[in-house]
Amino acid sequence: MSERPLLMIPGPIEISDAVREAASGPPPGHLAPPVIAAFGQALRRMRDVWLSGPSSQPLIVSGSGTLAMDIAVFNALEPGDRALVVHTGYFSARMAEMLRRRSVEVTVVSAPFGEVPASAEVAAALARAAEAKLPFKAVFVTHVDTSTGVRADAETLVGLARNHGALSIVDGVCATAAERFDMAGWGADIYLTASQKAIGLPPGLALLVFSERALEARARLTHAPPLSMDLDAWLPIMRAYEAGQPSYFATPATPLIMALSVGLGEILADGKGMAARFALHERAARAMRAAWASLGLTLVPAREDITANTLSAIRYPDGVDVSAIPRILANGAIVAGGLDPENKAKYFRVGHMGYSATQPAHLLRTIRAVALGIGRSADDARTAERAAEAVLT
Ligand SMILES: *Cc1c(COP(=O)(O)O)cnc(C)c1O
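Bear in mind the structure is a predicted one, so any value in this text is a computation, not a measurement.

### Here's the deal with the nonpolar core
Here's step 1: Membership of the largest hydrophobic core comes to 97 residues, with the highest contact counts inside it found for I60 and F140.
Here's step 2: For this core, the domains that each give at least three residues are domain 1 (6-13 + 273-392) and domain 2 (17-268).
Here's step 3: Setting aside anything within four residues of it in sequence, one finds I60 in contact with F39, A42, L43, M46, L205, A206, L207, M238, I257 and L260.
Here's step 4: By size, the runner-up hydrophobic cluster in this structure holds 31 residues, among which are A291, W292, Y316 and A388.

### Here we look at the sheet that holds strand 5 (residues 138-142)
Here's step 1: Read from one edge of the open sheet, 7 strands run 2-10-9-8-5-3-4, paired in mixed fashion. In this open sheet, the two strands that pair with only one neighbour each are strand 2 (57-62) and strand 4 (105-109). Taken over all neighbouring pairs, the strand axes of this sheet differ in orientation by 20° on average, direction set aside.
Here's step 2: Inspection of the sheet shows strand 5 paired to strand 8 (residues 167-171) by 5 bridges, in the parallel sense. Its bridge partner being in strand 8, V141 is matched across the sheet by V170.

### Focus: the sheet that holds strand 11 (residues 311-315)
Here's step 1: In spatial order, the strands read 11-14-13; together these 3 strands make up an open sheet with antiparallel pairing. Only two strands of the sheet have a single partner each, and these edge strands are strand 11 and strand 13 (336-337).
Here's step 2: Bridge count for strand 11 against strand 14 (residues 347-351) is 5 bridges, and the pairing is antiparallel. Directly across from A313, in strand 14, lies its bridge partner R349.

### Comments concerning the pattern of salt bridges
Here's step 1: Taken as a whole and assessed by the stated rule, the structure comprises 18 salt bridges.
Here's step 2: The salt bridge involving E242 is made with R47; its shortest N-O contact spans 2.7 Å. Within this pair, whereas E242 is found in helix 9 (residues 231-242), its partner R47 is found in helix 2 (residues 33-50), the two being separated by 195 residues in sequence.
Here's step 3: Accessibility expressed as a relative area gives 23% for E242, which makes it partly exposed.
Here's step 4: The exposure class of R47 is buried, given its relative accessible area of 15%.
Here's step 5: The shortest N-O distance in the salt bridge between R101 and E97 comes to 2.7 Å. Linking R101 with E97, this pair stays in helix 4 (residues 90-101), spanning 4 residues, or about one helical turn.
Here's step 6: Its relative accessible area of 65% is what places R101 among the exposed residues.
Here's step 7: Connected via shared salt-bridge partners are R368, R382, E385 and E389.

### Structural notes on unusual backbone geometry
Most peptide bonds adopt trans geometry, and most residues besides glycine take a negative phi value.
Here's step 1: For the peptide bond that leads from G11 to P12, omega is -5°, which places it in the cis range.
Here's step 2: Even without being glycine, L51 reaches a positive phi, approximately 55°.
Here's step 3: Position of L51 relative to the elements: it lies in the loop between helix 2 and strand 2.
Here's step 4: Positive phi, normally seen in glycine, also occurs at S103, with a value near 60°.
Here's step 5: Examined against the element boundaries, S103 turns out to sit in the loop between helix 4 and strand 4.
Here's step 6: Among the residues examined, S103 registers a relative accessible area of 45% and is labelled partly exposed.

### Quick notes on the environment of I267
Here's step 1: Examined against the element boundaries, I267 turns out to sit in helix 10 (residues 254-268).
Here's step 2: Residues I267 and A178, 89 residues apart in the sequence, show an inter-C-alpha distance of 9.5 Å.
Here's step 3: Each residue touching I267, except ones within four places of it in the same chain, is listed here: V49, A177, A198, I199, M274 and R277.

### Notes on the side chain of N75
Here's step 1: Within the fold, N75 resides in helix 3 (residues 65-76).
Here's step 2: Among the polar contacts made by the side chain of N75, one reaches the main-chain carbonyl oxygen of M229 at a distance of 2.8 Å.
Here's step 3: Among residues more than four places away in sequence, those in contact with N75 are A217, R218, L221, P225, M229, D230 and L231.

### Describing helix 6 (residues 154-163)
Here's step 1: Buried within helix 6 are the following residues: A154, L157, V158, L160 and A161. Down the axis of helix 6, the buried set is contained in an arc of 160°. They therefore lie on one face.
Here's step 2: At its buried positions, helix 6 is contacted by strand 3 (82-86), helix 5 (119-131), strand 5, strand 8 and helix 7 (183-186).

### As for the packing of aromatic side chains
Here's step 1: Across all of its chains, the model carries 7 aromatic pairs by this definition.
Here's step 2: Look at F113 and Y347: their rings are 5.6 Å apart centre to centre, the planes differ by 55°, and that puts the pair in the tilted class. Here F113 is found in the loop between strand 4 and helix 5, whereas its partner Y347 is found in strand 14, with 234 residues between them in sequence.
Here's step 3: The buried category is assigned to Y347, whose relative accessible area is 0%.
Here's step 4: With 5.3 Å between their ring centres and 25° between their planes, Y316 and F348 make a pair best called stacked.

### Description of helix 13 (residues 360-373)
Here's step 1: Here helix 13 spans 20 Å end to end across 14 residues, near enough to the 20 Å set by a 1.5 Å rise per residue.
Here's step 2: Of the residues making up helix 13, those classed as buried are H362, L363, L364, T366, I367, A369, V370, A371 and G373.
Here's step 3: Buried residues in helix 13 make contact with strand 1 (6-7), helix 11 (273-294), helix 12 (324-330), strand 12 (333-334), strand 14 and helix 14 (378-392).
Here's step 4: Just downstream of helix 13 lies G375, where phi reads positive at about 90°.

The rules behind each value
Residues numbered from 1 in each chain as written. Predicted model: local features only at pLDDT ≥ 70, side-chain atom pairs only at ≥ 80, totals over all residues. Heavy atoms only, no water. Core = buried A, V, L, I, M, F, W, Y, C linked by side-chain atoms within 4.5 Å. Buried < 20%, exposed > 50% of the residue type's maximum accessible area, 1.4 Å probe, protein only. Domains from an automatic or database assignment. Contact = heavy atoms within 4.5 Å. Pairing = 2+ DSSP bridges. Helix = DSSP H or I, 4+ residues; strand = E, 2+ residues; numbered from the N terminus. Axes fitted to C-alpha atoms, helices over the stretch in contact; angles between N-to-C directions. Salt bridge = Lys/Arg side-chain N within 4 Å of Asp/Glu carboxyl O. Polar contact = N/O pair within 3.5 Å; in protein donor to acceptor, adjacent residues only side chain to side chain. Arc of directions from axis to C-beta. Phe/Tyr/Trp six-rings, centres within 6.5 Å; stacked < 30°, edge-to-face > 60°. Expected span 1.5 Å × (residues − 1).

Next comes the structure, spelled out in structure tokens:
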């Protein structure tokens with residue numbers, strides 16, 4: 001295989017040439033006019049991609065998705081608060097652990113592997129807490145749990161939180177800019193991601209948008225967050241850059257800021273808005289699922305309506321195990337193993353978000369690599385590619 005293998009894990013992902021070019025070259029200083037312009041534009045474009053409305057506050061900080069989760073936890077809650085975590089897998093468990101480290105009292109509503117908790121169960125937990133006069137300050141949802149490929153019904157869960165006067169905090173690290181999310185329309189309070197998932201950048205940026213209610217929650221805290229993740233420290237910086245003025249608190253990742261304005265610009269470029277972007281991912285995912293079905297493969301998510309559009313979590317067929325992953329690589333695509341601690345030997349994961357979702361050739365090459373890597377014939381691979389092509393064209 002002479003061609004470079006495609007990076008088809010659920011982040012980092014393949015990036016466009018324009019994004020790569022924007023991030024390359026000598027790193028500019030954080031006071032350089034092009035960085036100031038890109039920073040302000042990236043903040044404004046985040047509102048458009050998040051659909052978060054003019055009063056929302058975007059935040060761009062160097063770091064990972066995990067840092068973005070901690071920033072949300074530490075700025076919205078403090079010791080003694082109560083939070084409800086809708087558990088759908090590995091990353092929901094991480095969120096619960098972060099809350100416990102903030103000395104927050106955590107209630108978890110969980111579901112079996114490959115399932116999501118019924119919204120009625122979440123509603124019942126909220127109602128019980130209200131009756132006991134021990135209401136939750138926040139509800140945490142993992143939009144797409146990358147460990148299982150399961151998507152939560154974010155719209156319904158955000159609505160439930162709102163009805164109970166709780167903040168809704170949604171981890172969109174494997175969803176933002178790909179799965180339908182209308183931050184202002186639904187009234188969500190924090191929606192967070194990282195640059196290397198569906199945003200389509202190299203890793204290195206934690207990206208969050210806060211509602212006005214979320215900003216007020218930070219203002220009311222009596223236990224300040226650690227300084228490096230404190231909204232109070234970062235807000236003046238974001239506001240300055242958006243107003244075209246540089247300002248320093250901690251050095252931004254300047255090459256990535258340059259890339260972010262370009263990457264978000266690509267997401268918005270066709271002028272058809274986020275609905276078209278979400279539809280693109282839905283179609284790419286449907287194409288991948290048609291290919292998997294043609295190969296007789298089954299998915300981890302229990303039902304189509306809770307199956308993410310950003311990745312496929314595929315059960316190994318009989319006689320195939322984790323040793324297929326290097327064979328898939330040898331056929332041209334890098335895919336990921338399972339991540340759920342108890343079930344990781346049973347499945348593997350294929351990302352199809354961001355730039356690759358816009359490139360049918362990437363999707364078809366990946367289908368072929370998987371088919372051959374799990375020991376199917378070239379004919380079977382071709383049939384699977386055709387099943388996907390039928391959806392894509
Ligand atoms: C990838 C991911 C994270 C963690 O992001 P890092 O950048 O690896 O820290 C958190 N939540 C979800 C849902 C993810 O997919």
